[in-house]
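What follows is the residue order along each chain.
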Amino acid sequence: MTDLAWLTVAEAAELLRGRKLSPVEYARALIARIERHDGRLNAFLRFTPEIALEDARRAETEITRGQWRGPLHGVPYGLKDIIDYSGLPTTAHSKILADNIAAIDAHVAAKLKAAGGVFMGKLATHEFAIGGPSFDLPWPPARNPWNRDHFCGGSSSGAGAATAAGFLPVAIGTDTGGSVRNPASMCGVAGMKPTYGVVSRRGVIALSYSLDHIGPLTRTAHDNALLLDLMAGHDPLDPGSAPHAAGGYAAGLDRGVKGLKVGVIRHFYQSDMKADPEMAAGIEAAVAKLADLGAEVREIRTAPLGEYLACNRTILTSEAFAMHEKWMRERPQDYGALARERIMAGAFVRAADYVNATRLRRKMADAFHALFSEMDVAVTASSMDPACRIDDPQAVEYTYGRQARAPFNVTGSPALSVPAGFSKAGLPLAIQIVGKPFNEAMVYRVANAYEQATEWSKRHPALA
Amino acid sequence: MAEDNLTLEQVRKMAADIGWSLSNEHLEQLLRATRAARARRAALPVASLDPADEPAHVFRLSSAMEALSDARSLTPSPSPERRGEMDGGK
């Protein structure tokens, strides 16, 4: 049998359903791997093997009785530690919430429980999903499995590291300005920010109410689609929840890209910002591969990247500061330095500037969505650079804003980061595939075609 | 740009005006953060906005409220005679 650490969700589901693999055996294998290696990667903020084994035993009993619940039944998963799991602390990786015990499950956690998933624990995050990587918090920052001296991206840092390291086949993150797609890019896995409102935000600590999205990180596009199917759905108790979050994201996954129209947003990484040459070459090679596979590729233009980023950050920091003001007044010393400074940026944003940013948001979103009358997906950069060293604050600060993910938080579009090769130093490169709102299925279809035509998702880091 | 000249003393006063007391280290952070926020404001193309451009999210009644409202509109109002009976009239 394949090394259990590298089973995809789809492969594991087939084995588990056919009773060729025991959920308990699977959980024990991953628990042993986490115990052996996570001391050097810090992907888990709270590792819960006792819950995992209880979930695995329950899954085994049910599957043995023929009560298979679906592709996550008996499959291990983890949650970024801003997502509530009843009875456990939701700390947001912060001293501020060290004792914050969740009373009930977040909507998404309840869905994954109902799907029969095996809960392995809470995963490291940048503090409050904004400050990091930080060394002045109660828990250390997660590190990159491809090279532990390097940053693993964030803010869903533990989710990226755990998935890439073979600790989990799936982890759930959140994305307000790119926080699912950044660790996916840095760690060489697939990370989806679905359409705004497709996954309920209820029970997830907000960073920015109107920009927050919940999404899965997996090692393949197929797994990602399977997970989003389980996570998506209307929640009347989330005011941002979309009434027609339908699912069916894995449908048509194998239809290829022949004849599909792909728009390449080159100005984001060639002129608005200049991507690192290896990253730029990786993106161009991926675009050429899509053309080889039969896609009709042409260059498109949208608003300048700087305008999107200014819009995203103005809204994000305003909404974040509104939520954090009380703590910022009463206990500013309890934040790590990075989160404190990034949240402080919202303290004196004028009301008119916030409102104008939301007005621009609508204009930019409408203009971007209109481009889909002539294309099926857009492709662009995710990160401009491969992962920098984690102990180099200047490099972290420099690369933090060098990204093309935030535009799609502004537009609310589905956007997926997938591996696109490796740098000479052996660090992952990535591209981003963006779809029409609520058409995640098309994004997954293109990602799957690219993935099947390359070897990137089959490479795994060798943990020391 | 005037915002680039924002000083620590100005930020200290801005914080004090809203009753926010911070250490010097945190005030330095607030100064850098406020400068960054103002640079972002300068990058927003607000001149392109027309008065009719509405915010991305405007106030909207929840579906539960809409359902309640629909239910009320479907309930016929009592006739004047019926209202009289309900009021205790003849």
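Calculation notes
Residues numbered from 1 in each chain as written. Chains lettered and ligands numbered in written order. Predicted model: local features only at pLDDT ≥ 70, side-chain atom pairs only at ≥ 80, totals over all residues. Heavy atoms only, no water. Helix = DSSP H or I, 4+ residues; strand = E, 2+ residues; numbered from the N terminus. Buried < 20%, exposed > 50% of the residue type's maximum accessible area, 1.4 Å probe, protein only. Areas by Shrake-Rupley, 256 points an atom, 1.4 Å probe, with all protein chains shown as cover. Core = buried A, V, L, I, M, F, W, Y, C linked by side-chain atoms within 4.5 Å. Contact = heavy atoms within 4.5 Å. Phe/Tyr/Trp six-rings, centres within 6.5 Å; stacked < 30°, edge-to-face > 60°. Lys NZ or Arg CZ within 6 Å of the ring centre and 35° of its normal. Buried area = accessible area lost by both parts, 1.4 Å probe. Salt bridge = Lys/Arg side-chain N within 4 Å of Asp/Glu carboxyl O. Polar contact = N/O pair within 3.5 Å; in protein donor to acceptor, adjacent residues only side chain to side chain. Nonpolar A, V, L, I, M, F, W, Y, C, P; charged D, E, K, R; others polar. Lys, Arg positive; Asp, Glu negative; His and termini not counted. Expected span 1.5 Å × (residues − 1). Arc of directions from axis to C-beta.

> In this structure, what is going on with the overall build of chain B? I would like to understand it.
In terms of regular secondary structure, chain B is built from four helices and zero strands. For chain B, the α and β elements follow one another from N to C terminus as α-α-α-α. Counting over 90 residues, chain B shows a buried share of 21%. Here chain B displays about 6500 Å² of accessible surface, and carbon together with sulfur accounts for 55% of that area.

> Explanation requested: the nonpolar core in the structure shown.
Most often, soluble globular proteins keep nonpolar side chains buried together rather than apart. Residues Phe167(A) and Leu30(B) are the most contacted members of the largest nonpolar core, which totals 166 residues. If you tally residues by element for this core, the top one is helix H10 (residues 305-330) of chain A, at ten residues. Sequence-distant contacts of Leu30(B), defined by excluding residues within four places in its chain, comprise Met344(A), Ala347(A), Phe348(A), Val11(B), Ala15(B), Trp20(B) and Leu22(B).

> In this structure, what is going on with the packing of aromatic side chains? I would like to understand it.
Residue and element names in this part refer to chain A. Applying the stated criterion across every chain, the model contains twelve aromatic pairs over all chains. Cluster of aromatic residues (ring-pair linked, three or more members): Phe-268, Tyr-308, Phe-368, Phe-372 and Phe-408. Its end group placed over the ring of Tyr-85, Lys-113 keeps NZ or CZ at 4.2 Å from the ring centre. The ring of Tyr-400 carries Arg-342 above its face, with NZ or CZ at 3.6 Å from the centroid.

> In this structure, what is going on with the interface of chain B and chain A? I would like to understand it.
Many analyses report the size of an interface as the accessible area lost when the parts associate. Counting residues at the interface gives 30 residues for chain B and 34 residues for chain A. In this assembly, chain B packs against chain A so that about 2900 Å² is buried in total across both faces, 60% of it on carbon and sulfur atoms. The largest share of the area that chain B buries against chain A comes from Trp20(B), Arg40(B) and Leu44(B), three residues that together contribute 21% of it. Where chain B meets chain A, there are four salt bridges. Here Lys363(A) and Asp53(B) are joined by a salt bridge, their closest N and O atoms 3.6 Å apart. Connecting chain B to chain A are 17 residue pairs in polar contact (both at pLDDT 80 or more). For the side of chain B that touches chain A, the secondary-structure elements that each account for two or more residues are helix H1 (8-17) and helix H2 (24-43) of chain B. Counted by class, the side of chain B that touches chain A contains 16 nonpolar, six polar and eight charged residues.

> In this structure, what is going on with the side chain of Arg359(A)? I would like to understand it.
Among the structural elements, Arg359(A) can be located in helix H12 (residues 351-370). Asp53(B) provides the closest opposite charge to the buried, salt-bridge-free Arg359(A), at an N-O distance of 5.1 Å. Ignoring any residue separated from it by four or fewer positions in sequence, one finds Arg359(A) in contact with Leu49(B), Asp50(B), Pro51(B), Asp53(B), Glu54(B), Pro55(B) and Ala56(B).

> What exactly am I supposed to notice about helix H9 (residues 277-292) of chain A here?
Given 3.6 residues to a turn, an α-helix orients residues that are three or four positions apart in the same direction. All names here are of chain A. Spanning 16 residues, H9 covers 22 Å between terminal C-alpha atoms, matching the ideal 22 Å at 1.5 Å per step. Turning to H9, its buried residues are Met-279, Ala-280, Gly-282, Ile-283, Ala-286, Val-287 and Leu-290. For H9, the buried positions fall inside an angular range of 160° around the axis, keeping them on one side. Across from the buried face of H9, at angles greater than 90 degrees, the exposed residues are Pro-277 and Asp-292. N-capping of H9 is provided by Asp-276, with a side-chain oxygen placed 2.9 Å from the backbone N of Glu-278. Positive backbone phi, approximately 110°, marks Gly-294, located one or two places after H9.

Any link to function would need more than the numbers given here.
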